[in-house]
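Architecture and fold: a report
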Amino acid sequence: MQIILNGEPRDLKGALSVEGLLSQLGLEGRKVAVERNLEIVPHSAYQDVMLEEGDRIEIVHFVGGG
Amino acid sequence: MALSDTQLERYARHIVLKEIGGPGQQKLLGARVLVIGAGGLGSPALLYLAAAGAGTLGIIDDDKVSLSNLQRQIIHDTDHLDAAKTQSAAAAIARLNPDVKVELHEERLTAQNALEIISRYDIVADGCDNFATRFLVSDACFLARRPLVSAAVGPFEGQLATFKPYEKDEEGTPLPTYRCLVPEAPAPGSIPTCESAGVLGALTGVMGSLQALEVIKEITGAGESLTGKLLIYDALDTRFRTIKLKRDPANPLNGENASITDLSHHA
């Protein structure tokens, strides 16, 4: 299965949830949001939302400066 | 209240816009806007809101102007080094537009004063520099039922969203809160601040101007609100994108089992 991650194609082996993707990427859920097909995935749904072929995923890093 | 001749001339380029016009300009002149932080974002936001004739601008900041602020905080200047940012901003606004009344809050927003201060305004623009205050502002705006236009920057990236979590979308689902984007404050130090990581000055100009623009849209009703959306600007790639942000039903502010009813958890 192939997804587009941050604009680059990426091959995934087998089924993977958003939470699984974050853990593969070594990213902490407290520091990023996940955008899937132009929509932020609710944090509470990370385990349930399974990635699908062709999904466009962007990692949105939180910023808090002003 | 009718516009005076000088107001008709000062705001002529707004009045000619059918989306704003005389009625929109009158709404701006009657509006009370609270700007949290007179820093990188607050500087352009305050200047554009003042120029637009937003009638009363509340400014909350407890900091003083330092030399390293002036690379981006364009409401302040070299003559105001060491002055309170509230006073420095008020002086710039007075030079720009005498129609605008300023209310200065030279203090930090706290769990004790947040609701009382925010309730005195129609709309809030948050451009503060830390996550703890962002959560406080967001929760207080929900409890006080005030729209919040929230902007934030990293070194080369800006994010902007409008929150009205006390309202519902067309399908009857409550609109999202800041907590639907950032579920909990990142551990202190885990995300670099402008002080530690730097920030491109003009980026804060872009984001603070967009923030002022969204405030003006909320006040006048022009165009489409940014509620339920998140705008992201990547300055290095010169890329803007607007993505959907829905309510997370698990969020504790307006979720299905909401537990936050006051600001005591911020104390």
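So, here is what we can say about the structure in this document.

Basis of the calculations
Residues numbered from 1 in each chain as written. Chains lettered and ligands numbered in written order. Predicted model: local features only at pLDDT ≥ 70, side-chain atom pairs only at ≥ 80, totals over all residues. Heavy atoms only, no water. Helix = DSSP H or I, 4+ residues; strand = E, 2+ residues; numbered from the N terminus. Rg over C-alpha atoms; globule rule 2.2 N^0.38 Å. Buried < 20%, exposed > 50% of the residue type's maximum accessible area, 1.4 Å probe, protein only. Contact = heavy atoms within 4.5 Å. Areas by Shrake-Rupley, 256 points an atom, 1.4 Å probe, with all protein chains shown as cover. Buried area = accessible area lost by both parts, 1.4 Å probe. Salt bridge = Lys/Arg side-chain N within 4 Å of Asp/Glu carboxyl O.

**A few points about the overall build of chain B**
From N to C terminus, chain B includes nine helices and eight strands. Relative to the compact-globule value of 18 Å for 267 residues, chain B shows a C-alpha radius of gyration of 18 Å, a close match. Along the three orthogonal principal directions, the C-alpha set of chain B runs to about 55 × 45 × 40 Å. When the 267 residues of chain B are sorted by exposure, 54% land in the buried category. In chain B, the share of contacts with a sequence separation of at least 24, taken over all contacts with a separation of at least 6, comes to 64%. Looking at chain B as shown, the accessible area adds up to about 11600 Å², and 53% of this sits on carbon and sulfur atoms.

**What to know about unusual backbone geometry**
Non-glycine residue Asn37(A) carries a positive phi angle of around 50°. Inspection of the secondary structure puts Asn37(A) in the loop between strand E3 (32–36) and strand E4 (39–40). Accessibility expressed as a relative area gives 39% for Asn37(A), which makes it partly exposed. Phi angles above zero are rare outside glycine, and Thr238(B) is one such case at about 45°. Residue position: Thr238(B) is located in the loop between strand E7 (229–234) and strand E8 (239–244).

**What about the interface of chain A and chain B?**
Facing the 18 residues of chain A at the interface are 37 residues of chain B. Roughly 2200 Å² is buried in total at the junction of chain A and chain B, and carbon and sulfur atoms are behind 56% of that figure. Ranking the residues of chain A by area buried against chain B places Arg30(A), Val63(A) and Gly66(A) at the top, with a combined share of 30%. Put simply, chain A and chain B have five salt bridges between them. For Arg30(A), the salt bridge is made with Glu184(B), and the minimal N-O distance between the two is 3.7 Å.

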